[in-house]
Amino acid sequence: MTAYAVPLSNVDKMAAASAEAFIGNDDPIGRFLFDGEPNHLELKRRFFRSLVTSCAPNALRQASSDKMEAVSIWFQPGLGHEEDVEDDPFEAEDFSNPETPARLEAVGNVITELTACLGKEPQWYLHLVAVRPPFMNQGYSSRLVQPVLAQARAEGLPCTLITQSAGNARKYEHWGFRVVREMPVPGSVERFYSMRRD
C-alpha cells in the first residue's frame, strides 16, 4: 500500500491524528510534562499537535490514507529544524503548575542536544510516526517507515531519529536502528534516545 502524501492544506487533520495517537497511547513525555495540570488533556493535545504544525513546510508528511490511521513526518537529506515554523502553542498563563515551564525547557534542551549529536551529514530524519489507538499493531507504522528506509538504503544514506522511551527504542531496533546516545530528562525518570540506521 502506497503512503498518502499529506498536502499542507491537511496539516490540521494530520496534527489532530498525531495528538490523538500520542494521547491515546499514553505517551510518557506527555504525562511528565502535563499530568500536574488541571487541563492536562488540552495541554497535551496542543503540544502533540505542534509537533506537526511546527515542521518545515518542505518536510515529507505522510499518512496511511486520507483517514490518517497513522501519520509520519520525515526530514529529507539537507532539510533541518532551522526551517521549522515557530509554533509555540503555550502562553505562561496556560499553566497552573509552576513546574510545567521548567519541564518543557528540560525536554527541549535534551532534544536540542540529541539533535546536535545526529550530525550534519546527509540523512533521512524520522521526526515522528504516530498510530491512532484503534489501528495499533496492524502494520500501519511499517507502511510509512519501510519505504523511506528502502529509499535511504538505495541512496546510501543513514536514517536517524530521536524517541522518548525504551519501549519505542526497541520497536525501532526491529527496523535496524541502534541507540547511539541516551539522555535522561532532568527531574524525571524519562529518557530520550538518539538512534541511527546505516
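Above this text is the structure in question.
Here we summarise the structure given alongside this text.

What counts, and at which threshold
- Residues numbered from 1 in each chain as written.
- Predicted model: local features only at pLDDT ≥ 70, side-chain atom pairs only at ≥ 80, totals over all residues.
- Heavy atoms only, no water.
- Salt bridge = Lys/Arg side-chain N within 4 Å of Asp/Glu carboxyl O.
- Helix = DSSP H or I, 4+ residues; strand = E, 2+ residues; numbered from the N terminus.
- Buried < 20%, exposed > 50% of the residue type's maximum accessible area, 1.4 Å probe, protein only.
- Pairing = 2+ DSSP bridges.
- Contact = heavy atoms within 4.5 Å.
- Axes fitted to C-alpha atoms, helices over the stretch in contact; angles between N-to-C directions.

So, the pattern of salt bridges
- What the rule picks out here adds up to 12 salt bridges.
- Linking D94 and R46 is a salt bridge whose minimum nitrogen-to-oxygen distance equals 2.6 Å. Of the two residues, D94 is situated in the loop between β3 (70–75) and α4 (100–117) and R46 in helix α3 (residues 40–53); the sequence distance between them amounts to 48 residues.
- Exposure remark for D94: the relative accessible area of 18% places this residue in the buried category.
- Here E99 and R103 are joined by a salt bridge, their closest N and O atoms 2.7 Å apart.
- Put simply, E121, R178, R196 and D198 are held in one network by salt bridges that share partners.

Some details on the sheet that holds strand β2 (residues 60–63)
- With respect to topology, seven strands assemble into an open sheet ordered β1-β2-β3-β4-β5-β7-β6, the strand pairing being mixed. With partners counted over all chains shown, the strands left at the sheet margins are β1 (4–5) and β6 (178–184), one partner each.
- In this structure, β3 lies alongside strand β4 (residues 124–131), joined through six bridges in antiparallel fashion. In the sheet register, I73 faces β4, and the bridge partner there is L128.
- Contacts from α3 reach β2, β3 and β4 within the one sheet, and its direction differs from that of β4 by about 140°.
- Along the sheet, α4 contacts β5 (159–163), β6 and β7 (191–197); its crossing angle with β6, the most-contacted strand, is approximately 150°.

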